[in-house]
Amino acid sequence: MVTGVTGQDGSYLAELLLSKGYEVWGVVRRRSSTALARIDHLVENDDALDSSLHLVNGDLRDTGSLLKILRQVRPDEVYNLAAQSDVKVSFDLPEYTADVTGLGPLRILEAIRELDLPSRYFQASSSEMYGLVRDSLQSEGTPLHPRSPYGSAKAFAYYTTRNYREAYGLFAVNGIMFNHESPRRGESFVTRKISLAAARIHYGLQETLQLGNLDARRDWGFAGDYMEGAWRMLQTDHPSDYVLATGESRSVREFCELVFQEIDQPLTWRGIGPEEVGVGPDGRMLVEVNPQLYRPTEVDILQGDASRAGGDLDWQPTVSFQELVRMMVTSDLEVAERQAARENSPSK
Ligand code: NAP
Ligand code: G4F
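Residues numbered from 1 in each chain as written. Chains lettered and ligands numbered in written order. Predicted model: local features only at pLDDT ≥ 70, side-chain atom pairs only at ≥ 80, totals over all residues. Heavy atoms only, no water.

> Can you tell me about helix α3 (residues 63–73), naming the residues and giving the values?
Among the residues making up α3, those that are buried are S65, L66, I69, L70 and V73. An end-on view of α3 places all buried positions within 125° of arc, on one side of the element. α3 presents K68 and Q72 as exposed residues on the side facing more than 90 degrees away from its buried surface. Looking at the buried positions of α3, the neighbouring elements they touch are β2 (23–28), β3 (52–57), β4 (77–80) and α5 (94–114). N-capping of α3 is provided by D62, with a side-chain oxygen placed 3.2 Å from the backbone N of G64. R74, located one to two residues past α3, shows a positive phi value of around 45°. (Buried < 20%, exposed > 50% of the residue type's maximum accessible area, 1.4 Å probe, protein only. Helix = DSSP H or I, 4+ residues; strand = E, 2+ residues; numbered from the N terminus. Arc of directions from axis to C-beta. Contact = heavy atoms within 4.5 Å. Polar contact = N/O pair within 3.5 Å; in protein donor to acceptor, adjacent residues only side chain to side chain.)

> Lay out the site of ligand 2 with the relevant residues and their values.
Around ligand 2 lies a shell of 23 residues, among which S126, S127, Y150, R295 and E298 are the nearest. Here an oxygen atom of ligand 2 and a side-chain polar atom of R218 are 2.7 Å apart. Protein chains shield 94% of the accessible area of ligand 2, which is 710 Å² for the free molecule. Of all the secondary-structure elements, those providing two or more residues to the shell around ligand 2 are α7 (190–202) and β8 (209–211). Three or more residues apiece are contributed to the shell around ligand 2 by two domains, here domain 1 (2–183 + 220–247) and domain 2 (190–215 + 251–301 + 320–344). (Near = heavy atom within 4 Å. Areas by Shrake-Rupley, 256 points an atom, 1.4 Å probe, with all protein chains shown as cover. Domains from an automatic or database assignment.)

> Provide a residue-level description of the site of ligand 1, including the pertinent values.
What surrounds ligand 1 is a group of 24 residues, the closest being T6, R29, R31, S85 and Y150. Notes on ligand 1: free accessible area 900 Å², of which the protein chains cover 92%. Of all elements in the fold, only α1 (8–19), β5 (120–126) and α6 (149–168) reach the threshold of two or more residues within the shell around ligand 1. Examining the composition of the shell around ligand 1, we find that three residues originate from one element, β5, more than from any other. By residue class, the composition of the shell around ligand 1 is nine nonpolar, nine polar and six charged. (Nonpolar A, V, L, I, M, F, W, Y, C, P; charged D, E, K, R; others polar.)

> Break down the domain arrangement of the chain for me, citing the residues and quoting the values.
Interface size is commonly expressed as the accessible surface area that is lost when the partners come together. Each assigned domain of the chain is listed here: domain 1 (2–183 + 220–247) and domain 2 (190–215 + 251–301 + 320–344). Measuring from the centre of the C-alpha atoms in domain 1 to the corresponding centre in domain 2 gives 29 Å. Opposite the 13 residues of domain 1 that make contact, domain 2 presents 20 residues. For the pair domain 1 and domain 2, the two sides together bury roughly 1500 Å², of which 66% comes from carbon and sulfur. Our count for the contact surface shared by domain 1 and domain 2 stands at five residue pairs in polar contact (both at pLDDT 80 or more). Of all elements in the fold, only α4 (87–92) and β10 (221–222) reach the threshold of two or more residues within the side of domain 1 that touches domain 2. Split by residue class, the side of domain 1 that touches domain 2 holds six nonpolar, three polar and four charged. (Buried area = accessible area lost by both parts, 1.4 Å probe.)

> Help me get a handle on the environment of D92, residues and values and all.
Residue position: D92 is located in helix α4. In this structure D92 comes out as exposed when scored by relative accessible area, which is 58%. When the C-alpha positions of D92 and H180 are compared, they lie 23 Å apart, and in sequence the two are 88 residues distant.

> So what's going on with the packing of α7 against helix α9 (residues 252–262)? Which residues, and what values?
As a packed pair, α7 and α9 sit with axes 10 Å apart at the nearest point and diverge in direction by 30°. Put simply, α7 runs roughly parallel to α9. Every pair of crossing elements has a handedness; the one defined by α7 and α9 is right-handed. Where α7 abuts α9, its residues V190, T191, I194, S195, A198 and I201 lie against V252, F255, C256, V259 and F260. Class assignment of the residues belonging to the contact of α7 with α9 gives a composition of nine nonpolar, two polar and no charged. (Axes fitted to C-alpha atoms, helices over the stretch in contact; angles between N-to-C directions. Parallel < 35°, antiparallel > 145°, perpendicular 65-115°, else oblique. Left-handed = near helix turned anticlockwise from the far one by under 90°.)

Structure follows, in structure tokens:
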């Protein structure tokens, strides 16, 4: 059972599980329009695979739906990837975020316990919980200091997962995942926002890119690698929590620089703080800072130590930072090319 199957991670995890011959039950919440873009290829290929993907209606805010699915499916493994996962949005929707991202996991764990299922449970925990970081490299033992309603909700879910393991003996684990990206990343997250904007600028569809804090640093890896790690965590003999990270930290500014290099528009930075802009080789302003995109409290730097996952799970990231940037820009150039073709089509 995979919650959040329509999200970035859910699509990679569903692919991985199907390739291993699993029968996958993906939980989908009700939308007024389809939200299946990321898994369309899996649904369509259903017949071509030995295993299969079933989609069921459910919502992390609705205990009854979770109980019904768990009772019907009796899954061997539950991957809880669903969340209101946007940190900035969590400041605007704190109660909603606490409900989905914090209480949602509790509802699933309580249902597993209530139904007395032997299901193994994976919780998508987040490096955002470290917040105001206490160690230069964050590992499983680093104290938590959340800096957003999202981080606080994830911390509640993290402790709840541990408590259900200790109190009731459930096989319940936290993957403490640092930022991971891909061409399927949601467009509001900074990496995808940059790669898509650069591609659109390349095709003349957009003039400039507005960003918030350019100095924030993140440990960015490839989403597919992190879902391999999630799967490995449920195949161990003893349930335990693991950090998944690359160990490298880069700034938003560095990410921007590499992306614009990929489209042959190397940036030069001018000005400081809210006045800072990034200009292209011909002096055109391509990037500008918009202070409205700053957060009330920021997580300045994240850099993870995944050596425990390396030792116990034999897990390593396989995609470098440069490869990740190239992968995202290549994909978004194709997206923007299609958008440009539509803009220029005579029928428009
Ligand atoms: P994502 O693309 O935002 O996907 C979130 C998924 O949750 C979507 O399928 C969404 O459905 C679903 N969802 C949201 N609210 C729901 C609700 N009330 N009931 C049921 N489903 C709901 O996130 P992601 O990047 O794949 O991340 C997956 C998980 O890992 C999340 O829990 C996230 O917080 C966590 N995480 C992510 C990262 C990262 O860097 N990506 C790092 C650490 C932890 P719709 O498609 O209908 O919106
Ligand atoms: O891409 P972001 O929105 O990701 P953030 O806040 O690190 O959260 C992501 O990673 C977490 C793991 O650490 C996940 F748990 C969470 O679900 C999500 O996937 O922002 C990254 C950084 C921030 O410091 C932000 O202030 O980029 C900075 N930033 C600068 N300009 C921007 C922008 N972020 C966004 N989204 N949009 C901007 O224009």
